[in-house]
Every structure is written in structure tokens, then in C-alpha cells.
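# Coordinates in review
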Amino acid sequence: MIHVADPLVTLAACLAPAFEAVAGRAGIDPVVRPSDRADAQANGALALAKELGKSPREVADAVLVQAKQLTGVCSSIEVAGSGFLNIVFDNAFLGDELAKVAADERLGVSTASRSRTVIVDYSAPNVAKEMHVGHLRSTVIGDALVRLLEFVGHRVIRENHIGDWGTPFGMLIEHLVDLGEDEAADHLSLGDLDGFYKEARAKFDASDEFKERARARVVALQSGDGETRRLWRLLVQLSTEYFNLVYSLLGVRLTDDDIMGESAYNDGLSSVLERLGKLGLLAESDGAEVVFPPGYTNRDGDPLPLIVQKGQGGFNYATSDLACVIDRIERIGADLLLYVVGAPQAQHLSMVFDVARMAGWLNEPAEAVHVAFGSVLGSDRKMLKSRSGETPKLVELLEEAVARAGDAVAEKNPELPEGDKAVIARMLGIGAVKYADLSTDRIRDYVFDWERMLSFDGNTAPYLQYAHARICSIFRRAGVDRASLRSVTPTIVEAQEKALALAVLGFDSVVADTIEKYSPHRLCTYLYDLATAFTAFYEHCPVLKADDAVRESRLALCDLTARVMERGLGLLGIDAPEQM
RNA sequence: GCGCUCGUAGCUCAAUGGAUAGAGCAUUUGACUACGGAUCAAAAGGUUAGGGGUUCGAGUCCCUUCGAGCGCGCCA
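Here the residue numbers are simple positions, counted from 1 along each chain's written sequence. Here every chain gets a letter starting at A, and every ligand a number starting at 1, in the order they are written. The predicted nature of this model means local features are confined to residues of pLDDT at least 70 and side-chain atom pairs, given and counted, to a pLDDT of 80 or more, with totals for whole chains, interfaces and linings taken over all residues. Side-chain metrics in this entry use all non-hydrogen atoms of the structure; hydrogen atoms and water are not considered.

All right, on to the pattern of salt bridges then. Side chains that differ in sign of charge can pair as their charged atoms come close. Any Lys or Arg side-chain nitrogen located within 4 Å of an Asp or Glu carboxyl oxygen qualifies as a salt bridge. Tallied over the entire structure, the rule returns 35 salt bridges. Two residues, D143 and R147, come together in a salt bridge whose shortest N-O distance is 2.8 Å. Placement of the pair is D143 and R147 together in helix α5 (residues 133-151), with a separation of 4 residues, close to one helical turn. Exposure class is identical for D143 and R147. Each is buried. When the shortest N-O distance is used, the salt bridge between E212 and R215 registers 3.9 Å. Taken as a pair, E212 and R215 lie in helix α9 (residues 208-222) at a separation of 3 residues, close to a single helical turn. One connected set of salt bridges, linked through shared partners, spans E174, D178, K203, E209, R213 and R217. Secondary structure is summarised from DSSP: a helix means a run of H or I of at least four residues, a strand means a run of E of at least two, and numbering begins at the N terminus for each. Accessibility here uses a 1.4 Å probe with only protein chains present; expressed as a share of the type maximum, an area under 20% marks a residue as buried, one over 50% as exposed, and anything in between as partly exposed.

Spelled out as C-alpha cells, the structure:
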């Protein structure tokens, strides 16, 4: 495998010995950062000055004297300001690095030093309930993380923890019985899941007789009654068929094989209780079996319990979540559990993880991480609502995105064949929605705005897709085989070429950084910067009009940019059409 | 009441403890019969909510006040 490092990483490795020689000890970080005054800067001298009892500039000067092995990597290195080292990369070095990336299927992205078995728990819609924007965030962020983690070589297991169990299923099954199976199937296959749920709920609230039947049905379901189980499976099946339609429209990789609903852990629930009991972690509180993880208090300042068995004897979601941890670690052998779940559940998950650690189920190096995200807001900065005041259905939102993108494509590029138009509209519309969701720090709430996300200007999917399509158009005009450009060593001359080269070479680092923080927005920001660097290059550096050698070099840069853009968008789950 | 998260330009958002806090919208000005104008350049716009502290250096770390959102025993 060809390993190509980010020039900043190479530089840091080259500078470290010089810093260590000056410091007289190992383990010095040169603190290499991007710079707006040079290609890079090393700030390590400032931190070292106090330790050595010298001024930062003296230290920087000393490092400079030691740093002779930088020839071939840098063309200039100088001390500036209060002790910064400003570094300019050698153009030939950058060209060689680009050639390595061009020859690499992975575009220079290295695989993880330690491959882990990662569970990504995401999407998690509820059976017989509509998918809404909350599921959008979990699904889109989770899907991007899956793609990123797989790309760097982890064993990734997708788990869709659907809500397919619990007391509501009594009323849902009784409602299904009332309607008749065929009628209910029609109802649900139309995607009117909320209607079905609401009708059941209304009957439950209005009729004592229905309420009684629903309760009896829950008991029958939990005791494994055959006919009840069959009806339950029918409900689950109708719902998952509907989910699959949404996933397909959305272009995420979840399938029925990834479903691990709450019901899947039923058999492990009593064992959770038993094991906690044996460990002496259980306490009895108001008739319930609970665990008190330290550090949590309720309104009255009393210790807050995690309830693992209700006063009535039933289990709840905490029990199921613990069974789930056990399953993932003991059966699957996972060492990283990612929960792509909304921020409001932070305390619950934190308590579950703490209890799992207390019980010894979740030990180093295995870890569980809550990949939390904020809410989707309307322009009023309140939870997004449709005009009628309801939570918008996810499918309708996606369909509107595709329709709006279709209008834009029809307007901007009327010559496209109808069939292509529909395909491209879907890529643009879905891409826009996903990118809007992924491009801001996930922990914050974000404002949903059709016009902004579908704009061809600014940090949006259509802008990035356009940058990519524009490059593809250059190749059509040039009539070159893109693959033939991949053995070319680009010649870096102009400042815009160099800026683009540095952007391309930074792909490896940004992928690693994105994964380390579980923050897809870092990759988004990078791709936007790449597109910006490309347009500056494209503006200043003629490609097709240039002389042969320069033309080939610039075409190679174009090819690399397009490949990084397409791969980067692909890691986010976003398509990059060649025309739009 | 306690806890968690957030607070950055008019708006929407960036910014591994590093120099002068960056983009995009919107605003103003300019370039060019255009290698896809779905373009580019420039200007203007900031007490990083307030106050203290740590540090050579703080939007970033700590404390505190204010504001917003969310959570806090048998729903998931």
C-alpha cells in the first residue's frame, strides 16, 4: 500500500527531531498548524521557551539550525513574530505527493492503525409510527459514520434499534384486529402510520372495553401467544416495508438485515436482572428493582436510580438497553458502541453506560459513545412544524426536496433528457437535505431552510456537486481519458495550484479527524474549502487553453480534485452527478 | 431546585490553546461575449452574552452571572 501523509504531518515528523535536539529530550510536539502567512507554521518554540529558560525566538532560531533535513520538503523556513516558524513547502515535493495520491485508489487516506468492531446504532424509528425529522438526523449522521468507519477499515455493524415492543402494542394489535388485516395492511402500506397509531390511541382513551382488550393483548404478546405474535409480526413487517421505502429514497444503507429491534433483547432481560443481583448492585425502591449509579440526583437531591424492573414486575427500556450492551460486547465482540441518538437522552444513556461499567460488562478497551445531536428547528427557531402545526412527515419532506431540486434543474439545464433530470433531481434534493443536516456541528440545533440548503452558492450540497460536475465537463471537452492522468506528476507553479494541492493532500487528515470526533461537519467544511480552492484555481489557471505540459498537469489536478470531491461526498452518503 | 447542552457579523454557520476570530447569505462596489455566469474580485460588517481566573498566548480550559433549549422513578 502506498502511504501518503498530509504535508503537515510529514512536516511535523521532520521537525520533531530538531525540536527534540534543542530541548534535549524526546516527546516534543512541534505544533504544526495551517497558516495564513505561509503554507504552515510550527508553534512549538513558544511552549518550549519557558522550560529552556530562553526566549521563544532563541528557541525557534536553534530549531532552525537543527532542521536541515527539511530540504526536499520545504523551500523556505523562517522565524517570525514572537517565535513562530513559518514554512513554505517545496513545489516539487507537493507534486510528488500528488502523484502518489493520484496513483492510490484510496486517494491517500490511510486505514486505521487498529481495526475495531464498531456497532453503529442509528435511525431507530417506531413500528406503527411515522418517521419524522428526528429520525432524519439519526439516520443521516449514522449512515455517514458507517461509511467513514468502513472506509478506514473498521468492522462495522449497523443496528437499527426499532421500537417494536412495549405496552402500546396491545392497543395497536387490537386496532388491527378491529380493522381486519387487509384493511390495516392497506392503511399502513399507504404510509399512514400516524393515522393508524392515533386511531388506536383514541379508542384506548375513549373505551374501557378496548383498554381492557389492549391490556390483555399485551399479556398475550409477552407470554408468546401464537396468534398474537403473528399479528405483531404483521405490524412490524408492514412498518419495516414502509421504512425501507424511506431508506431507499434517502439512499442510506440500512436493510432488514440491520434490524435489531427492542424485542430482540427480550430473552436477555431476566438475565440482566439476575446478573445485577449477583453482583450486589440491585436495590429496591418503591417496589422497583433499581441500580443507583453514583453522581445522579433527582429534583429533591436524592440519588437517582436506573429502574431495571418496574414495581409491577415488567422490564423497561433501561433493562433492554443493558441487555443490548451485553449482546453487543459479549456476543458480537464489539469494542466500540456508537449511539446516534438525540441529545435529550444524554442522561439516560450516561446512566446505562455507568451501570454497564459497574457491572463489568463495559470494560476498556471497549467503549460506548453517545453521538448526540440537536433538534431541527423552523425559521422561528422552534421545533420544526408543518403549516398545519404537525411534525412533518419525513417522506413528504424528502419528496418536496426532490421536487424543488427538479424545478431548479429544469430551469438551469433544460437540455437534459427527462430521465436524467429525474435522477439528478433526486441526487440534488436528497443531497441538499443530507448536507444541511451534516454540515453543522451535530450537537447544536440547526435551522431548516429550503432556500439555503438548495442554493447553488455557499456551503451547500448543490454547490459542491456543481463544482464536481464542472470538472467533469472539462474532461468531456478535453476528450481525455481520466485514468491516463493518474500517472502524471503535476507541476505546481501558481499560488492557486499550490493551494489546491494542499487541499487535496489534506484529505487523509480530515477523514481521520472527522472519525475521531464523530463529526461529519468537519468533512463538509473541508469539501467546501476544496471547492473554493478549486474555483480560485480554475479562475486563474487556464486548463484547456494551456500548452501541452501545463495542460496535462492541470488536468491531473482537476482529476484529483473531482475524485476527492466525489469520494468525500460519497463518504457522507451524497451522490455527485457528472452533469446537472 | 439540580444536571446537561448551547450563546461568535443583521441572518445561517466555521475556527486541534497559537499571530490580525474566518466563510456563505443579505448589503455596497467592481470585472468579463464567459475552458459550465450555477462565475470571480473587493468593501463594509465583531467588546466571541457579561465578569473574574489559569497560561508566554483563551472564542476554546476553570469559576461565576445572565439568557435559551432539554432532562430529572417505573414512557422509549
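Read from one edge of the open sheet, 4 strands run β1-β2-β4-β3, paired in antiparallel fashion. Looking at the sheet topology across the chains shown, the edges are occupied by β1 (32-34) and β3 (74-80). Averaged over all adjacent pairs, the angle separating strand axes in this sheet is 25°, with direction ignored. As defined by bridge partners, β3 adjoins strand β4 (residues 84-89) across 6 bridges and the pair is classed as antiparallel. Bridge pairing links V79 to L85 in β4. Here a residue-residue contact requires only that any non-hydrogen atoms of the pair lie within 4.5 Å. Note on method: axes are straight lines fitted to C-alpha atoms, helices fitted across the in-contact stretch only, with angles between N-to-C directions ranging 0 to 180 degrees. Sitting on the sheet, helix α3 (residues 56-66) is in contact with β3 and β4, with an inclination near 160° to β3. Any two strands with at least two DSSP-identified bridges between them are counted as paired.

Counting buried positions along strand β5 (residues 117-121) gives 5 out of 5 residues, so the element sits mostly inside the fold. Here β5 shows no split at all, with T117, I119 and D121 on one side and V118 and V120 on the other all buried. Two strands pair when backbone bridges link them, and β5 and strand β6 (residues 155-159) are joined in this way by 5 bridges, in the parallel orientation. Paired with I119 across the two strands is I157, which belongs to β6. Look down the strands so they point away from you; if the path from the first strand over the helix to the second goes clockwise, the crossover is right-handed. Considered for its hand, the β-α-β crossover made up of β5, α5 and β6 is right-handed. The pairing of β5 with strand β10 (residues 336-342) spans 4 bridges and is parallel. Within β10, the position partnered with I119 by the bridge is L337.

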